[in-house]
Amino acid sequence: MTDEPFIDPALGLPLVGHRSLADRGGPVSICIPAHNEAETITEVVSEARRAIEILGTDGEVIVAASACTDETATLARAAGARVVEAEKGKGNAVKAALSEATGTVVATVDGDFRYFGSEPIAATLLRPIMTGIVDATIADLYWRPLYPQMWLYGFLAPLAGRIFPEMLPKVGATPWSGQRAAVRSLWPADLPDGFTVDLTLNLAWNDAPARVRPVPVDDWVNPQRPKPELLRQEFDVIAAHGVAKGRINPGDVDFLTSWFTQAQHRMATYRPDVDDVDEFEQMLLREGVRTMPHLLG
């Protein structure tokens, strides 16, 4: 017999014999940030409209034409979208679309994103929210290019896993994805202008008392456009947020910056014709965790 305290394993688990979740009614807004996406925008808008039909709800499709110099805006209107103009930058496009959105649930789908699943990706992301299961979803993409995977294993997982460990299971294996959805109240008005917008949303949704879940989705393709400056920008976003939330001390940022430089160098050692992809990713994760500074908190 022991006097040590213990937790009742059944605590907080009331069993009910009926569905306890409440459906959320529409309308929904599907926002499409697009910069010179004339080649794909008709398909993306058409699929967004089909998603609304499949869900059987009222809705709208908004294309934010971000400093477009091609026929993106004209083609989007012809496909049935409402078009708003935005300055260049993905964050600017997302903010412009959100400012016009009237839906109680909002999804974003990139203007160059082609999806080959059995239904439009917006429907798959919106359905768990509309049925009351979750408050936000992020696409967990089946096919994953190597560069973002290196970003995940070599950078985000070790860094966020140390500063915001509770965030990792919420955002899934492709937290860089712009394919996501959430109730309107979870979309902040204060967002960055550029490509750090998706990471900023991950952090904001992690801060909120919300149910955020990754949703496995099917095959897809979109152009891979290297953004060598983005990794440092995202490091700065995570470090600043960690300081603001009291997860790390301001003085810890210098130690983390040194770690970040090492992580970049490790990623750059990949040899396409020599290295096994899976083994290389695991090495990045292992070394990223091993070399993480212990002077935090």
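Residues numbered from 1 in each chain as written. Predicted model: local features only at pLDDT ≥ 70, side-chain atom pairs only at ≥ 80, totals over all residues. Heavy atoms only, no water.

A. A look at the overall build of the protein. When you go through the protein residue by residue, the secondary structure sums to 10 helices and nine strands. Computed over C-alpha atoms, the radius of gyration of the protein comes to 21 Å, within 12% of the 19 Å expected from 2.2 N^0.38 for 297 residues, which places it in the range of a compact globule. Reported as C-alpha extents along the three principal axes, the dimensions of the protein are approximately 65 × 55 × 35 Å. Here the protein holds 297 residues, and the buried ones make up 51% of them. Across the protein, contacts joining residues at least 24 apart in sequence account for 76% of those joining residues at least 6 apart. Surface accessibility of the protein: about 14600 Å² in total, with carbon and sulfur atoms responsible for 55%. Each charge sign in the protein was given a centre, from 27 positive and 40 negative side chains, and these centres are 2 Å apart. (Helix = DSSP H or I, 4+ residues; strand = E, 2+ residues; numbered from the N terminus. Rg over C-alpha atoms; globule rule 2.2 N^0.38 Å. Buried < 20%, exposed > 50% of the residue type's maximum accessible area, 1.4 Å probe, protein only. Contact = heavy atoms within 4.5 Å. Areas by Shrake-Rupley, 256 points an atom, 1.4 Å probe, with all protein chains shown as cover. Lys, Arg positive; Asp, Glu negative; His and termini not counted. Charge placed at Lys NZ, Arg CZ, Asp CG, Glu CD.)

B. Structural view of the pairing of strand β3 (residues 82–86). Where strand β2 (residues 59–66) and β3 come together, five bridges link them in parallel fashion. Bridge pairing in β3 places I62 opposite R82. With respect to chirality, the unit in which β2 leads through helix α2 (residues 72–78) into the neighbouring parallel β3 is right-handed. (Pairing = 2+ DSSP bridges. Right-handed = clockwise from strand over helix to strand, strands pointing away.)

C. Fine view of the packing of helix α1 (residues 41–55) against helix α4 (residues 121–130). One can describe the packing of α1 onto α4 by two numbers: an axis separation of 9 Å at closest approach and a directional angle of 35 degrees. Seen along the crossing, α1 lies across α4 with a hand that is right-handed. On α4, the residues that touch A51, I54 and L55 of α1 are A122, A123, L126, R127 and M130. (Axes fitted to C-alpha atoms, helices over the stretch in contact; angles between N-to-C directions. Left-handed = near helix turned anticlockwise from the far one by under 90°.)

D. Highlighting α1. The first and last C-alpha atoms of α1 sit 21 Å apart over 15 residues, in line with the 21 Å expected at 1.5 Å per residue. Those residues of α1 that fall on the buried side of the exposure criterion are I41, V44, V45, A48, A51, I52 and L55. Projected down its long axis, α1 shows its buried positions confined to an angular sector of 115 degrees, all on one face. Against β1 (28–34), β2, α2 and α4 lie the buried residues of α1. In the segment just after α1, G56 is the residue with positive phi, at about 65 degrees. (Expected span 1.5 Å × (residues − 1). Arc of directions from axis to C-beta.)

E. The arrangement of the packing of helix α9 (residues 252–267) against helix α10 (residues 277–290) in detail. Where α9 meets α10, the axes come as close as 11 Å, and the angle between the chain directions of the two elements is 165 degrees. With respect to their mutual orientation, α9 and α10 come out roughly antiparallel. Crossing of α9 against α10: the hand is right-handed. For the pair α9 and α10, the contacting residues are W259, R266 and M267 in the first and F280, M283, L284, E287 and G288 in the second. Counted by class, the contact of α9 with α10 contains five nonpolar, one polar and two charged residues. (Parallel < 35°, antiparallel > 145°, perpendicular 65-115°, else oblique. Nonpolar A, V, L, I, M, F, W, Y, C, P; charged D, E, K, R; others polar.)

F. Looking closely at the environment of D8. Along the chain, D8 turns up in the segment before β1. Taking relative accessible area as the criterion, D8 reaches 40% and is therefore assigned partly exposed. For the pair D8 and R211, spaced 203 residues apart in the sequence, the C-alpha separation amounts to 24 Å.

G. Main features of the pattern of salt bridges. All chains considered together, the criterion is met by 18 salt bridges. The salt bridge partner of E60 is R82, with a shortest N-O separation of 2.7 Å. Here R82 lies in strand β3 and E60 lies in strand β2, a separation of 22 residues in the sequence. Here D275 makes a salt bridge to R271, at a shortest N to O gap of 3.0 Å. A relative accessible area of 17% means that D275 is categorised as buried. Salt bridges linked by common partners bring K90, D110, R180 and D198 together as one network. (Salt bridge = Lys/Arg side-chain N within 4 Å of Asp/Glu carboxyl O.)

In short, shape yes, function no, at least from these values alone.
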